[in-house]
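Structural overview
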Amino acid sequence: MTDLDLAVPLAAPNPATTDWVPLGATQGAMAYGTSLPASPLDGQLAVLVDSVTNPTYQWQFRYNAGSTSAYKWEFVGGAPFSAVDSSTQALTVSVWTGVLPTFTLPRAGDYVLGASGMLRNATDTTAQFGPGVSAAFAAGGGRVIGGWDSSLARENVRANAQTASTVVRPFGYAATTGITAVNALLTVLPVRVS
Amino acid sequence: VSLVAHYVPNAWTDNVTPVDKAHMDKIENGLVEAADLYYLGDWSAGTYKEGDIVVYNGVAYIAVRQTSAAPVPWPPAPSPTVYGTTLPASPVDGQEAILVDSVTNPSYQWRFRYNAGSSSGYKWELVGGAPALVPVFAAETTTSAPYVDLATPGPSFTVPRSGDYYTSFGAQGAGSLKGSVLSLSCGGNGFNWAVPDVNYGSLVSFSDAVRSINASTVVKLQYGINFGGTGTFQQRWLQVMPRRVA
């Protein structure tokens, strides 16, 4: 290279199979897809989506090779996944039961979950409601909505060390029959993933 | 690496091929061709040789061998964005930086962009990240009317930089006396709700207005109950997100 200096990234392509060499930093080539790069560099950015043609979320991550956590892709940008189910959903008596909507975690990691909704009680009784990854997780919250009319509930929790493909949803618990959840809302935001 | 030039050698045959102008010109032209770079504008389908420079998808490329293939983007360099427990001391307009509480095991990552033209003292503006969410699940009681800590104080969060912050928080509260009023305070801003019946739990949440908070301020939930009885609070949570910081 006697005529000019060439820009060489840290992971240089194989010269034996390279026809073209860029003359400057590659622009606008940040990974964007339904998975994150398999062999990332420290500080690399990537955008994770559920669909490249019609995504419902776009989450930007930065790879922190120095993290002691297994979840080295750290969330640095994007809006929460959010979905609402406007139907009236009956809660099962004395059992924590998942209701709609749902969300499947795309990667193992730590997440912030939110759920809100209106609980309608036909009688003077108690119901509980909150986001969860399982009935046991939701039950651990013990979120109580009291009264015999309508109550609004909203709860945010951090769900750490979740496995990929875990299904997240609002959960409800009813002490007696006749309790329904309406306009159940679920929000999900990653904190860091693998 | 064997670089293939566009030059095609003469087919010399001893005592047959003349060393004349045509053959020597071809050699000289080949030397010139091999030594120079040629800017050819936008890439289009065709055959390119070593030294040809084209623009493809907004990036200039130089051919290092004869090829008819289109340029392939190289992997991008890692983000030059600063990442650390502090923000750059002398930023330039538009610079981005990521603020964390720990570089080895962060609980939040907040990405800021420096807006030198802002008339605010808080010129680092949040452009990405998840809120800090701090829970305290324990069910604990108080009979105090003024706001107090419970046996397990908090949840709390120490603000890392002076700035404007969104806070939201909530808890499940119950009172032992119907008609008493439960109180929840976040950083001194209080909210009250009535106890509908004895030991009936109510799940409440509040979103505070954006407030200017000084660096190192501890934002903490505290609790109280008015008009008698014992208040029980559990499933307490505090969520903090900056809007812009110094």
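In this text, all values refer to a predicted model and were calculated from it rather than measured experimentally.

Bringing the overall build of chain B into the picture now. Check the secondary structure of chain B and you find one helix and 17 strands. Relative to the 2.2 N^0.38 estimate, which gives 18 Å for 246 residues, the radius of gyration of chain B is 35 Å and therefore markedly larger than a compact globule would have. By its C-alpha atoms, chain B is 120 × 35 × 30 Å across when sized along the principal axes. Looking at chain B as a whole, 43% of its 246 residues are labelled buried.

Here we take up the packing of aromatic side chains. Counted under the stated rule, the structure contains 21 aromatic pairs over all chains. Both rings, one in A:Y57 and one in A:F103, keep their centres 5.7 Å apart while their planes meet at 70°; by these two values the pair is edge-to-face. With a gap of 46 residues between them, A:Y57 in the loop between β3 (45-49) and β4 (58-63) and A:F103 in strand β8 (residues 103-104) connect regions that are remote in the sequence. An identical accessibility class is assigned to A:Y57 and A:F103; each is buried. Taking 5.5 Å as the distance between ring centres and 55° as the angle between the ring planes, the aromatic pair formed by B:F169 and B:F191 counts as tilted. Residue B:F169 is located in strand β11 (residues 163-175), and its partner B:F191 is located in strand β13 (residues 189-194); the two are separated by 22 residues in the primary sequence. Overall, the relative accessible area of 22% leaves B:F191 in the partly exposed class. The structure contains a cluster of three or more aromatic residues connected by ring pairs, namely B:F169, B:F191, B:W193, B:F206, B:Y223 and B:F233. Directly above the ring of B:Y83 sits A:R62, whose terminal nitrogen or CZ lies 3.9 Å from the centroid. For the cation-ring pair, B:K49 lies above B:Y38, with the distance from its terminal atom to the ring centre recorded as 4.9 Å.

Before going further, it helps to examine the confidence of the model for chain A. Detailed reading of the predicted coordinates is not advisable wherever pLDDT is low. Residues and elements named next belong to chain A. Looking at chain A as a whole, its pLDDT mean stands at 82, while 81% of the residues score no less than 70. Highest mean pLDDT in chain A belongs to β8 (97); lowest belongs to strand β11 (residues 144-145) (54). Contacts of residues 1-9 to residues separated by more than four positions or lying in other chains number 16 contacts, the stretch itself having pLDDT below 50.

Our next topic: unusual backbone geometry. For the bond from A:L100 to A:P101, the omega torsion is 5°, close enough to zero to count as cis. At B:N15, a position not held by glycine, the phi torsion is positive, near 65°. Along the chain, B:N15 turns up in the segment before α1 (21-35).

Our next topic: the sheet that holds strand β1 (residues 20-22) of chain A. The strand order across the open sheet formed by four strands is β1(A)-β3(B)-β2(B)-β1(B), and the pairing between neighbours is mixed. Looking at strand neighbours, the two that pair on one side only are β1 of chain A together with β1 (38-42) of chain B, the edges of this open sheet. Taken pair by pair, the neighbouring strands of this sheet meet at an average axis angle of 30°, ignoring direction. In this sheet, strand β2 (residues 52-56) of chain B lies alongside β1(B) in parallel orientation, the contact comprising three bridges. Each bridged residue has a counterpart across the sheet, and for B:Y38 the counterpart in β2(B) is B:D52.

Overall, the coordinates contain 10 salt bridges over all chains when judged by the stated rule. Note that B:E96 and B:R111 form a salt bridge whose closest N and O atoms lie 2.6 Å from each other. With B:E96 in strand β5 (residues 96-100) and B:R111 in strand β6 (residues 109-114), this pair connects stretches of sequence that are 15 residues apart. B:D164 is paired through a salt bridge with B:R244; the nearest N and O atoms lie 2.8 Å apart. Placement of the pair is B:D164 in strand β11 and B:R244 in strand β17 (residues 231-245), with a sequence separation of 80 residues. The class of B:D164 is buried, set by a relative accessible area of 9%. Each member of the salt-bridge network shares a partner with another, and the members are A:D110, A:R158 and A:R192.

In this section: the sheet that holds β13(B). Strand pairing in a sheet relies on backbone hydrogen bonds, with the paired strands running either antiparallel or parallel. Residue and element names in this part refer to chain B. Taken in spatial order, the four strands make up an open sheet running β10-β16-β12-β13, and their pairing is antiparallel. The open sheet is flanked by β10 (156-158) and β13, the only strands paired with a single partner. Between one strand axis and the next, the sheet turns through 20° on average, direction left out of account. Relative to strand β16 (residues 218-226), β10 runs antiparallel, the two being bridged by three bridges. Its bridge partner being in β16, F157 is matched across the sheet by V219.

Procedures and definitions
- Residues numbered from 1 in each chain as written.
- Chains lettered and ligands numbered in written order.
- Predicted model: local features only at pLDDT ≥ 70, side-chain atom pairs only at ≥ 80, totals over all residues.
- Heavy atoms only, no water.
- Helix = DSSP H or I, 4+ residues; strand = E, 2+ residues; numbered from the N terminus.
- Rg over C-alpha atoms; globule rule 2.2 N^0.38 Å.
- Buried < 20%, exposed > 50% of the residue type's maximum accessible area, 1.4 Å probe, protein only.
- Phe/Tyr/Trp six-rings, centres within 6.5 Å; stacked < 30°, edge-to-face > 60°.
- Lys NZ or Arg CZ within 6 Å of the ring centre and 35° of its normal.
- pLDDT = per-residue confidence, 0-100.
- Contact = heavy atoms within 4.5 Å.
- Pairing = 2+ DSSP bridges.
- Axes fitted to C-alpha atoms, helices over the stretch in contact; angles between N-to-C directions.
- Salt bridge = Lys/Arg side-chain N within 4 Å of Asp/Glu carboxyl O.

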